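Geometric and topological summary
Take a look at the letters that make up each chain.
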Amino acid sequence: MTSPQTTRRAVMAGLAAAPVAGLPAIARAVTGDDPIFVAFAEYERANTAKEAISKAADDLRGETYAAIEAAGLERKEVFTRRQLEDWHELGICSDRDYEAGLAKLEGPPSEYQKMLMRVEESDDEDMEACRAAGDAERALCETAPTTREGASRLLRHLADFLSDDDVVNDHYLDDVVGDAIRNAVAVLEREALS
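Now for a quick tour of the structure. Keep in mind that what you see is a predicted model, and the values were worked out from it rather than measured.

A word on the nonpolar core
Side chains of nonpolar character tend, in soluble globular proteins, to be buried together. Counting residues in hydrophobic clusters, the biggest one holds ten residues: Ile36, Phe37, Ala39, Phe40, Tyr43, Ala46, Ala133, Ala136, Leu140 and Leu154. When residues of this core are traced back to their parent elements, those giving at least two are helix H3 (35–70) and helix H6 (111–142). Looking at this core, the element that brings in the most residues is H3, giving six residues. In terms of nonpolar packing, the next biggest core, distinct from the first, is built from six residues, Phe79, Leu84, Cys93 and Tyr98 among them.

Focus: the packing of H3 against helix H7 (residues 148–163)
Axis separation between H3 and H7 bottoms out at 9 Å; the angle between their running directions is 35 degrees. Side by side, H3 and H7 meet where Ile36, Phe37, Phe40, Tyr43 and Glu44 of the first sit next to Glu149, Gly150, Arg153, Leu154 and His157 of the second. When grouped by side-chain class, the residues that make up the contact of H3 with H7 number five nonpolar, two polar and three charged.

Description of H7
Taking 1.5 Å of rise per residue, 16 residues should cover 22 Å, and H7 covers 23 Å from first to last C-alpha, within 8% of that figure. Every buried residue belonging to H7 is among Glu149, Gly150, Ser152, Arg153, Leu154, His157, Ala159 and Leu162, and all of these are buried.

About the criteria used
Numbers given to residues run from 1 along each chain, matching the order in which its sequence is written. Local features in this predicted model are restricted to residues whose pLDDT is 70 or higher, and side-chain atom pairs enter the listing and the counts only when it is 80 or higher, whereas totals over whole chains, interfaces and linings include all residues. Note: side-chain values were computed over all heavy atoms of the structure, leaving out hydrogens and water. The criterion is simple. A nonpolar core is a set of buried Ala, Val, Leu, Ile, Met, Phe, Trp, Tyr and Cys residues joined through side-chain atoms within 4.5 Å. Only protein chains enter the accessibility calculation, which uses a 1.4 Å probe; a residue whose area is less than 20% of its type maximum is buried, one above 50% is exposed, and one in between is partly exposed. In DSSP terms, a helix is any run of H or I states spanning at least four residues, a strand is any run of E spanning at least two, and both are numbered starting from the N terminus. Working convention: axes come from line fits to C-alpha atoms, limited for helices to the stretch in contact. Angles between N-to-C directions cover 0 to 180 degrees. Residues are treated as being in contact if the distance between any of their heavy atoms lies within 4.5 Å. All amino acids are sorted into three groups, where Ala, Val, Leu, Ile, Met, Phe, Trp, Tyr, Cys and Pro are nonpolar, Asp, Glu, Lys and Arg are charged, and the leftover types, Gly among them, are polar. Multiply 1.5 Å by the residue count of a helix minus one, and that product is the helix's expected span.

Take a look at the structure:
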């Protein structure tokens, strides 16, 4: 028979190595129905999708701009209706240039314009994936853990979040607070295993 200590060790090791799809099953099997593990699985799924979609969008953008430049064109010479409207709204082009640009867009789009339209669609997908990952992370942070293991996992996630240079521009928060949370979690986990 497995002792509670062995079970906890197995859970902590299993969670660290578990594939995203298996995470809810492991969480329910050992910790009951702690909703934090389901929230983590959804966040991991959304974040993995976001990373894949962002990479594909970056690759497509790079390939498209390289093809436009290889054709001897400058990026500002090839544009789409949406791009022109964005430039006009941002004040990058005058009303006169905007009207002239719209006139050039009459008729079927060129091959390069079609390529840029695919980039715009890809950017839209990227933005939606980023929004979905952000929503999943917010849902994760709003989910109350119901087990010690779930609380530890959430605290480690929050410490990592604070340590991410792209999130917090405060050395006190990212260095000191993140490490303090991790140190406190380590103590709780050590005591739980003894």
